[in-house]
Amino acid sequence: MRMINNLKGARPPKVITDLRHLVKSGAENFGDKTLYFYKDVNGEQAEYSYERLYNEINYIGTAFHKLGISDKNVAVSGDTHPLYIATYIAVVAGNGCIVPIDRDISLEATVDFLRLAECQAYAYTKAQREKAEKIAELMPEMKYFIPLEPDGDSVFSEKVISVEQILEMGKEALEGGYLDYVNTELEMEKMSALLFTSGTTGTSKGVMLSHKNLAAATNASVLSMSYDDRNTFVSVLPPHHSYEMTCGHLAIMDLGAQIFINDSLKHVMKNFQSFKPNALMLVPLFLETMHKRIWEEVRKKGLEKQLRALMKLNSAMLAVRIDARSKLFSKVTSAFGGNIKSIVCGGAPLSPDLIRDFYAFGITVLEGYGITECAPLVAVNSPGKVKFHSVGTPVKGCQVKIDKTEGEETGEILVKGDNVMIGYYKNPEATAEAFTEDGWFRTGDIGYMDEDGYIFITGRKKNVIILSNGKNVFPEELEEHLSAVPCILETVVLTRENDLGEQTITAIVVPNMDLFRDSTKDDIYAEIKNAVNNINKTLPSFKQIRKIEVRYEPFERTTSKKIQRFKVN
């Protein structure tokens, strides 16, 4: 595998004006340097350069212009692939609107979104081929179907036009002097991306992001980090997710860094070891799984005491500015390729113990905060300035304040900046509710800011448990305590009504069966109850967990790995 890893002369991130500027300057600065390493349709290793991305975006955009859809709504769905990213940018850079569709939602939901968005074309990777054929039957109004990967059985309709044909059409037109697309004057304020939030509330809204939103969020991402063109990443999150697209692709292009596209969640650890990335962008579930796997392996080998002793020694050495972590913990970090130095993580609270452990191993975890409506980045911890429990300080160009009543310590987090959405698609009522009278976006998250400007999130406004005594309990706080228990794999905290009609704080727990292979259900319940009792001793009485329910099936999650709370009963 060919990797370019310049040790000298790394370029600082540039501030882009738009996505066209992003890819053009990337081609000029990095040329044939590999941007993407990926597996092609035959499972063979392939590479995709900065220059090729720029050229193929122009080919796709020019072809779309000739087909009359460059300024229309175009959907894209499927697995991460260079041509998925190229299609996304080509549409945005032609004043069209890209509509990324979650690859895992049902056919019915996909058709509903496509109809609501009035999409003119549907581009898809090979895994979505059968769904595309069914969409063609259900949506005669769709003009084009564009398979983004070679597929011998892809022509199921006269409306199918392969990406190879698209690229050839665009190239031929450009070389013949057809410059309408590349000379298009960009409209930075119009809707350029329409993202449907399947979310965890059971309802979906169409978030309208402008080209300005995408550019602002890309700039904020790169200016908040200390990454450059020497960095190597692995892409593991779905591409329709705003965090993955903005921070995991657009921002990395701006750096001139390199990305290995993970081909399957089953292969993610193997791919870490093969590609040896030095940085990652993840959601908490991945990080928590990695953390638990480390300690499970250590305990299996009977080495927990030795590792704890090494961590204590390491802490003393760091206090006198001696950093030997790469040697002391090489066997731990080798499971992830051995080169990872930092991980940016957002989407749900992280345990401070997890962050401390990874730091001890030589990996800095930078917890951040984002929301789709903010394209998505709002805040992040910066290298060397990490505060435990905090999601960091607001990123450049983004203002944050707390809407709290007098005497309250916490309140709703409000955001203003060029990264904030236009509104909700065809939903003026929801848009009006989402903003204050003076234009601040209401995130729905509850938290506070300290004297240094660090944001601390205490819960979701919609999830808050209001007890009969008027006390507020945020389930996320209790779930954080529970998730730190080794025998608990995942949990949701809610309320149940007891025999007296009173609301009782209840923890629904999925046990970590790797630790209970020879245990009865009674044994499992007893150990979990003991762990909960120990947690309760640290909590005020009104926050204590009074009931435990053990379930043996994992919770349903969104493709961004958030538990779908509304489906828990």
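Residues numbered from 1 in each chain as written. Predicted model: local features only at pLDDT ≥ 70, side-chain atom pairs only at ≥ 80, totals over all residues. Heavy atoms only, no water.

Trainee: What exactly am I supposed to notice about the overall build of the protein chain here?
Mentor: Counting secondary structure elements, the protein chain contains 17 helices and 25 strands. Here the protein chain has a C-alpha radius of gyration of 24 Å; the compact-globule value for 569 residues is 25 Å, and the two agree. Summarising its shape, the C-alpha atoms of the protein chain cover approximately 75 × 55 × 50 Å along the three principal directions. In the protein chain, which comprises 569 residues, the share counted as buried stands at 55%. Here the contacts in the protein chain between residues at least 6 apart in sequence split such that 64% fall between residues at least 24 apart. (Helix = DSSP H or I, 4+ residues; strand = E, 2+ residues; numbered from the N terminus. Rg over C-alpha atoms; globule rule 2.2 N^0.38 Å. Buried < 20%, exposed > 50% of the residue type's maximum accessible area, 1.4 Å probe, protein only. Contact = heavy atoms within 4.5 Å.)

Trainee: Mind showing me how you'd approach the pairing of strand β9 (residues 232–235) here?
Mentor: Working note: regular strand, side chains alternate between the two faces of the sheet. The alternating pattern of β9 places Thr232 and Val234 and Phe233 and Ser235 on opposite faces, both of which are buried. Direction of pairing for β9 relative to strand β10 (residues 258–261): parallel, over a ladder of 4 bridges. Looking across to β10, one finds that Phe233 is bridged to Ile259. Following the backbone out of β9, through helix α8 (residues 242–255) and into the adjacent parallel β10, one traces a crossover that is right-handed. (Pairing = 2+ DSSP bridges. Right-handed = clockwise from strand over helix to strand, strands pointing away.)

Trainee: Looking at this structure, I do not really get helix α14 (residues 352–361). What am I missing?
Mentor: In terms of burial, α14 is a largely internal element, 7 of the 10 residues being buried. Along its buried surface, α14 packs onto α10 (284–300), α11 (304–319), α12 (325–328), α13 (330–333), β13 (364–370) and α16 (475–483). Directly beyond the C-terminal end of α14, a positive phi value near 100 degrees is found at Gly362.

Trainee: It is not clear to me how the side chain of Glu367 should be interpreted in this structure. Could you clarify?
Mentor: Of note, Glu367 is situated in strand β13. Although buried, Glu367 forms no salt bridge, and the nearest oppositely charged side chain, Arg356, lies 10 Å from it. In terms of polar contacts, Glu367 uses its side chain to reach the backbone amide nitrogen of Leu350, at 3.1 Å. If we ignore the near neighbours within four places in the chain, the residues touching Glu367 are Cys345, Ala348, Pro349, Leu350, Ile355, Val380, Asn381, Ser390, Val391 and Gly392. (Lys, Arg positive; Asp, Glu negative; His and termini not counted. Salt bridge = Lys/Arg side-chain N within 4 Å of Asp/Glu carboxyl O. Polar contact = N/O pair within 3.5 Å; in protein donor to acceptor, adjacent residues only side chain to side chain.)

Trainee: Could you clarify how one ought to interpret the side chain of Thr431 in this entry?
Mentor: Inspection of the secondary structure assignment puts Thr431 in helix α15 (residues 428–434). Residue classification places Thr431 among the buried residues on the basis of a relative accessible area of 17%. Excluding residues that lie within four positions of it along the chain, Thr431 makes contacts with Ile422, Gly423 and Tyr424.

Trainee: Which parts of the structure should I look at to understand the pattern of salt bridges?
Mentor: Opposite charge on two side chains makes pairing possible when the charged atoms of those side chains draw close. Scanning all chains against the criterion turns up 26 salt bridges. The partner of Glu133 in a salt bridge is Arg129, with the nearest N and O atoms 2.4 Å apart. Here Glu133 pairs with Arg129, and both are found in helix α5 (residues 129–138), just 4 residues apart, close to one helical turn. According to the relative accessible area criterion, Glu133 is partly exposed, its value standing at 29%. With a shortest N-O distance of 3.2 Å, Arg299 and Glu304 are connected by a salt bridge. Judged by relative accessible area, which is 27%, Glu304 ranks as partly exposed. Salt bridges here are not isolated pairs; linked through shared partners, they connect Asp79, Arg103 and Asp104.

Trainee: Even after reading the chapter, I still don't get the pairing of strand β5 (residues 121–124), so can you show me in this structure?
Mentor: Residues Ala121 and Ala123 line one face of β5 and the alternating positions Tyr122 and Tyr124 line the opposite face, and both faces are buried. Examined bridge by bridge, β5 and strand β6 (residues 144–147) share 4 bridges and lie parallel to one another. By the bridge assignment, Tyr124 is partnered in β6 with Pro147. With respect to chirality, the unit in which β5 leads through α5 into the neighbouring parallel β6 is right-handed.

Trainee: What is the right way to look at the sheet that holds strand β24 (residues 503–511) in this model?
Mentor: Sheet strands associate in pairs through backbone hydrogen bonding, adopting either a parallel or an antiparallel arrangement. On the basis of which strands lie adjacent, the open sheet formed by 3 strands has the order β23-β24-β25 and mixed pairing. Where the open sheet ends on each side, the last strands, each with one partner, are β23 (488–497) and β25 (547–550). Geometrically, the sheet is characterised by an average inter-axis angle of 25 degrees between neighbouring strands, direction not taken into account. Pairing between β24 and β25: 4 bridges, direction parallel. Bridge pairing links Ile508 to Glu549 in β25. Along the sheet, helix α17 (residues 521–536) contacts β23, β24 and β25; its crossing angle with β25, the most-contacted strand, is approximately 140 degrees. (Axes fitted to C-alpha atoms, helices over the stretch in contact; angles between N-to-C directions.)

Trainee: Quick question: what am I supposed to make of the packing of α11 against α14 here?
Mentor: In a packed pair of helices, the relevant descriptors are the angle between the two axes and the axis-to-axis distance. Contact geometry for α11 and α14: axes closest at 10 Å, N-to-C directions at 75 degrees. With respect to α14, the element α11 is oriented roughly perpendicular. Here α11 contributes Leu307, Arg308, Met311, Asn314 and Leu318 to the contact with α14, which in turn contributes Asp357, Tyr359, Ala360 and Phe361. The residue makeup of the contact of α11 with α14, split by class, is 6 nonpolar, 1 polar and 2 charged. (Parallel < 35°, antiparallel > 145°, perpendicular 65-115°, else oblique. Nonpolar A, V, L, I, M, F, W, Y, C, P; charged D, E, K, R; others polar.)

Trainee: Any chance you could explain helix α9 (residues 268–275) here in plain terms?
Mentor: Residues that lie three or four places apart on an α-helix share one face, since the helix turns once every 3.6 residues. The complete set of buried residues in α9 reads Val268, Met269, Asn271, Phe272 and Phe275. Seen from one end, α9 has its buried residues packed into an arc of 160 degrees, which puts them on one side. Against the buried residues of α9 lie β1 (34–39), β9, β10, β11 (279–282) and α10. At the exit of α9 stands Lys276, carrying a positive phi of roughly 55 degrees. (Arc of directions from axis to C-beta.)

Trainee: Can you walk me through the packing of aromatic side chains in this structure?
Mentor: According to the stated counting rule, one finds 14 aromatic pairs in the structure shown. Between Phe30 and Tyr50, the aromatic rings sit 5.2 Å apart at their centres with planes inclined by 45 degrees, giving tilted as the arrangement. Linking Phe30 in helix α1 (residues 19–30) with Tyr50 in helix α2 (residues 50–67), this pair joins segments that are 20 residues apart in sequence. For the pair formed by Phe30 and Tyr50, the shared burial category is buried. (Phe/Tyr/Trp six-rings, centres within 6.5 Å; stacked < 30°, edge-to-face > 60°.)

Trainee: I tried to follow the environment of Tyr178 on my own but got confused; where do I start?
Mentor: In this structure, Tyr178 sits in the loop between α6 (163–175) and β7 (191–196). Its relative accessible area of 24% is what places Tyr178 among the partly exposed residues. Along the primary structure Tyr178 and Ile69 are separated by 109 residues, whereas in three dimensions their C-alpha atoms are 16 Å apart. Within the structure, the side chain of Tyr178 is placed 2.9 Å from the side chain of His65, a separation counted as a polar contact.

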